[in-house]
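# Commentary on secondary and tertiary structure
Letter by letter, the chains look like this.
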Amino acid sequence: MKQIFVGLLIVLTVQLNAQVSIIPKPQLLQLHTGEFTLTPSTAIQTAPEVKAEEVVRFLVESVKAQTGIQLLPNAKSLPFIYLKSDASLQNDEAYRLTVTAERILIEAKTNQGFFWAVQSLRQLLPFQKTTSAKIPCQMMEDAPSFRWRGHMMDVARHFFPVSFIKKQLDLMSLYKLNIFHWHLTDDQGWRIEIKKYPKLTSVGAWRKEPDGSIHGGFYTQAEIKEVVEYARRRNITVIPEIEMPGHCVAALVAYPELACTNEKRVVPNSWGVFGDVFCVGKENVYVFLQNVLDEVMPLFPSRYVHIGGDEVPKTAWQASPECQALMKAQGLKDEHELQSYFIKRIQKYLQSKGKTLIGWDEILEGGADKDAIVEVWRGEAEGRKALANGNRIIHAGPYYFDSPNANLTLKKVYEYDNLSDPAYRQNSTQVWGAECPLWTERVTTYNAEYMLYPRMLAFSESLWNNGTRNFEEFRARVQQHYPILTALKVAYGAEDKSLIDTKIEFDAAHKSWSLRSYLGMKDLAIRYTLNGTKPTAQSPKAQEVLTVTKPGKITFAPFRGDKQYRDAQSYQIIENKAVAKKTTWNSKPDAQYAKPGEYGLVDGLKGGESFGDGVWMGWSGRPVDAVVDMGEKTTFRSVKIDFIQEAKSWILLPKSVKISASDDGIIFTTLIEKTFDVKPLLDGIVKETVGYESKQPIQKRYLKVEAIPYGKLPVGHNGAGGEAWLFTDELIVN
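Please read these numbers as outputs of a predicted model, since none were measured by experiment.

Let's shift gears to the overall build of the protein. Across its full length, the protein holds 17 helices and 35 strands. The C-alpha atoms of the protein give 30 Å as radius of gyration, which agrees with the globular expectation for 734 residues (27 Å, within 12%). Here the C-alpha coordinates of the protein stretch approximately 100 × 70 × 50 Å along the principal axes. Residues classed as buried in the protein amount to 57% of the 734 residues present. Approximately 30500 Å² of the protein is accessible, and the part contributed by carbon and sulfur atoms is 51%. Across the protein, the centroid of the 89 positively charged side chains sits 3 Å from that of the 85 negatively charged ones.

This is the structure in structure tokens:
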């Protein structure tokens, strides 16, 4: 009987959602009988005490764009929408929305409340052109559980145009998010115009990608003002983030005198934590940063400025005479206190300008001023430290939307309770809310919305309504919002599946290669080319498995209709005499970076720019030692093999490589032996080829490859004391 009752309750809940599907869910919603009909003759009236011309204008414009219905502001006709003040509402963002057959009454204490009521009203209307719209009679009383409901957009790793930013602001506002945290600078790009330092954008905003293309862009100060005003009209505050004292290589490339050393730098095209940081022992660094902030602050009326403060390696400071002198002069016992000195000095400067500093939770290292706001990303333990220190906190760690949808599912986002930790609940007035960051190392305009939606809806609801959670009821409402997202041209993603997983397999018996694709949504399709050009919506469609029998370049991307959902990827197949030859492994690659079968070194696949592409093979702390049997004496002139370094990922070039040849597989003659001057602290991706070329043809049956790993990672490396990895891809014989 209980099961029958629960089943009926779910059915009734779904039926209710079909009528009223507000996200985030209102704190109180009562449905009544009857309907209000919205038509072009519907008037908008305001009580004498209400000064909400901008809200009324937004209502008229948005309803017109959404439905085609032109409302009549300041008219006296019936039926009508009426805005009235209610000073008894406790929360500045609170509102009451009452729909009867004759009128829609909106009551609020401030224009913020009126605006959120308008957004709820919009969700009761169709998102398609119509001549009239029926709204069920109802009453909702609503206010947010948390004051800080934010989305952080990283535009440094990949640049996003103003049009894309505005579209996201529209969507954030529709779902009652009120903070846009704009991550404007990082190692890979400086994205905001600073007139006093033009090289920040002429140099620091651009980088050369591994494929040789140039990526970059920046926002002029006029564009920044335009976005900030666009957000303000949608009840959203824009918070700028200018990263310091780390994550600043792009700035150091533009102005090398701000670094601790004068070495030549380029704007990085790889990800991770870089050892190059602002040299905080130099006074000119503070002059520079204060000048930058002096141009940034007037562009953003918000009281808050985010300065990052995260992931700051201290090696450069340890070796810097200026930093060591400053530490001695200030009586600082270590570089953590030096970072705290820097943070407090910047905080004091911001306070002198009427601004409040926000930083990632590393600003606690060495001791942080309690007036700073701490954005917590490394877990509740860091949040508890901040709360004990008296800081206000913003929660971010549970909501990293660059996490694959299969890992951070819609359900996980929805069910996370920001006050589940006892210390958070006990100090709830210090827990201001949360942000969902989208870091964009592997995110572009193609796949950003796939990562954001529908998870943004779950995030919105968890911050607005921190009451009892019922995922199935919420998911039923989400289903009602997919047509809305489609109408708004949002390239939303799956609730619990990653966009695309691919792998390429080699069939030695048939000398063929098969690309297998696992897609997150049924209506996604793989489009591909075999000539190296980028696929389009008109390119051939691959089935679940695409098999090719000739060398070449497979380039592919997922599409949904004519919309591309990710940057194109490629696999390069190289024809050579070693393909599909038997390999004896005296030292096998580690399982997580090995390919199935014995042909990993001779499968014809050449590694790309990422060691994790499934083509590169990796050994941790062990040598490469493999013998390839060509089957018979084979004539060749050249042998070569590639190695890759990405120091931030603990992958270094080998100390030495030797390629040998043999007639019998027992006695080998060295063809080439090469040693490397490995630079374990070098940032970026490095690829090296070890090759032997002979003017005269050589005949040998066996080829042996030996590579000696670097060994223990040195002091100053982020993995100091750990074993370096060694990565290689393919032995090519011609």
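The next subject is the environment of Ala325. For Ala325, the location among the structural elements is in helix α10 (residues 321-330). Residue Ala325 is classed as partly exposed on the basis of its relative accessible area, which comes to 46%. As for Ala325 and Gly281, which are separated by 44 residues in sequence, their C-alpha atoms are 7.4 Å apart.

Counted according to the given criterion, the structure contains 37 aromatic pairs. Consider the rings of Phe180 and Trp182, whose centres lie 5.7 Å apart with planes at 45°: the pair is tilted. Under the relative-accessibility criterion, Trp182 is labelled buried at 0%. Considering the side-chain rings of Tyr286 and Phe342, the 5.8 Å spacing of their centres and the 45° angle between planes classify their relative orientation as tilted. Here Tyr286, found in helix α8 (residues 283-296), pairs with Phe342, found in helix α11 (residues 335-352); they are 56 residues apart in sequence, far enough to count as distant. We note that Tyr286, like Phe342, is buried. Ring-pair connections join several aromatic residues into one group, and the members of that group are Phe58, Phe115, Trp116 and Trp464. The ring of Trp432 has Arg147 lying over it, and the distance from NZ or CZ to the ring centre is 3.8 Å.

In this section: the confidence of the model for the protein. Predicted confidence across the protein gives a mean pLDDT of 94, with 97% of residues reaching 70 or more. Throughout residues 1-18 the model reports pLDDT below 50, and contacts reaching past four residues in sequence, or to other chains, amount to 8 contacts.

A few words now on the sheet that holds strand β17 (residues 373-376). Hydrogen bonds between backbone groups are what pair the strands of a sheet, and the pairing can be parallel or antiparallel. Spatial strand order, β8-β9-β14-β15-β16-β17-β18-β19: 8 strands in a closed barrel with parallel pairing. Direction aside, the axes of adjacent strands within the sheet are offset by 30° on average. Relative to strand β18 (residues 392-395), β17 is paired through 4 bridges, and the arrangement is parallel. Paired with Val374 across the strands is Ile393, a residue of β18.

At a minimum axis distance of 10 Å, the contact between α10 and α11 shows a crossing angle of 80°. Viewed along their axes, α10 and α11 adopt a mutual orientation that is roughly perpendicular. For the pair formed by α10 and α11, the contact residues are Cys323, Gln324, Leu326, Met327 and Gln330 on the first element and Glu335, Leu338 and Tyr341 on the second. Within the contact of α10 with α11, the residues separate by chemical class into 5 nonpolar, 2 polar and 1 charged.

Evaluation of the coordinates by the stated rule reveals 1 disulfide. Shown here is the disulfide that connects Cys260 with Cys279, its sulfur atoms set 2.4 Å apart. Of note, the bridge from Cys260 to Cys279 carries an S-S torsion of about 100° and is right-handed in sense. Taken together, the positions of Cys260 in the loop between α7 (249-254) and α8 and Cys279 in the loop between α7 and α8 put the pair 19 residues apart, joining distant regions of the chain.

Attention now goes to the pairing of strand β22 (residues 525-529). Here β22 lies mainly inside the structure; 5 of its 5 residues are buried. Pairing between β22 and strand β25 (residues 552-560): 5 bridges, direction antiparallel. Note that in β25 the partner of Thr529 across the bridge is Thr555. Across 2 bridges, β22 lies against strand β23 (residues 541-542) in antiparallel orientation. Looking at the pairing, Ile526 lines up with Ala542 of β23.

Attention now goes to unusual backbone geometry. Looking along the chain, the bond that leaves Ile23 and enters Pro24 is cis, with omega of 0°. Here Pro24 is to be found in the loop between α1 (2-19) and β1 (28-38). Note the cis peptide between Met244 and Pro245, where omega equals -5°. Even without glycine at this site, Glu311 takes up a positive phi of about 45°. Considering the arrangement of structural elements, one finds Glu311 in the loop between β15 (304-308) and α9 (315-318). By relative accessible area, which is 29% here, Glu311 ends up partly exposed. Look at Lys511: it is not a glycine, yet its phi comes out positive at around 50°.

Rules used in this analysis
Every chain begins its residue count from 1, and numbering advances along the sequence as written. Thresholds applied to this predicted model are a pLDDT of at least 70 for local features of residues and 80 or more for the giving and counting of side-chain atom pairs; totals over whole chains, interfaces and linings are not thresholded and use all residues. The side-chain figures draw on all heavy atoms in the structure; neither hydrogens nor water molecules are used. Runs of H or I in DSSP of at least four residues are treated as helices and runs of E of at least two as strands, each being numbered from the N terminus. Only C-alpha atoms enter the radius of gyration, while the globule expectation follows 2.2 Å times N to the 0.38, with N the number of residues. Exposure categories follow from relative accessible area, calculated using a 1.4 Å probe and restricted to protein chains: below 20% of the type maximum is buried, above 50% is exposed, and the middle band is partly exposed. All accessible-area figures derive from a Shrake-Rupley calculation using a 1.4 Å probe, and residue coverage is judged against the displayed protein chains alone. Charged residues are defined narrowly, with Lys and Arg counted positive, Asp and Glu counted negative, and His plus the chain ends left uncounted. Every charge is mapped to an atom, namely NZ of Lys, CZ of Arg, CG of Asp or CD of Glu. Working definition: a ring pair exists when centres of Phe, Tyr or Trp rings (six-membered ring for Trp) sit within 6.5 Å. Plane angles under 30 degrees give stacked, over 60 give edge-to-face, the rest tilted. In this scheme, Lys NZ or Arg CZ marks a charge over a ring once it lies within 6 Å of the ring centre and within 35 degrees of the ring normal. The quantity known as pLDDT measures the predictor's confidence residue by residue, on a range of 0 to 100. Contacts: residue pairs with any heavy atoms within 4.5 Å of one another. Pairing between strands is defined by DSSP: at least two bridges between them are needed. Angles here are taken between N-to-C directions and fall from 0 to 180 degrees, while the axes themselves are lines fitted to C-alpha atoms, restricted in helices to the stretch in contact. Throughout this description, any angle smaller than 35 degrees is read as roughly parallel, any larger than 145 degrees as roughly antiparallel, any in the 65 to 115 degree range as roughly perpendicular, and the remainder as oblique. Note on residue categories: nonpolar means Ala, Val, Leu, Ile, Met, Phe, Trp, Tyr, Cys or Pro, charged means Asp, Glu, Lys or Arg, and polar means any other residue, Gly included. Cysteine sulfur atoms are paired as a disulfide whenever they fall within 2.5 Å.

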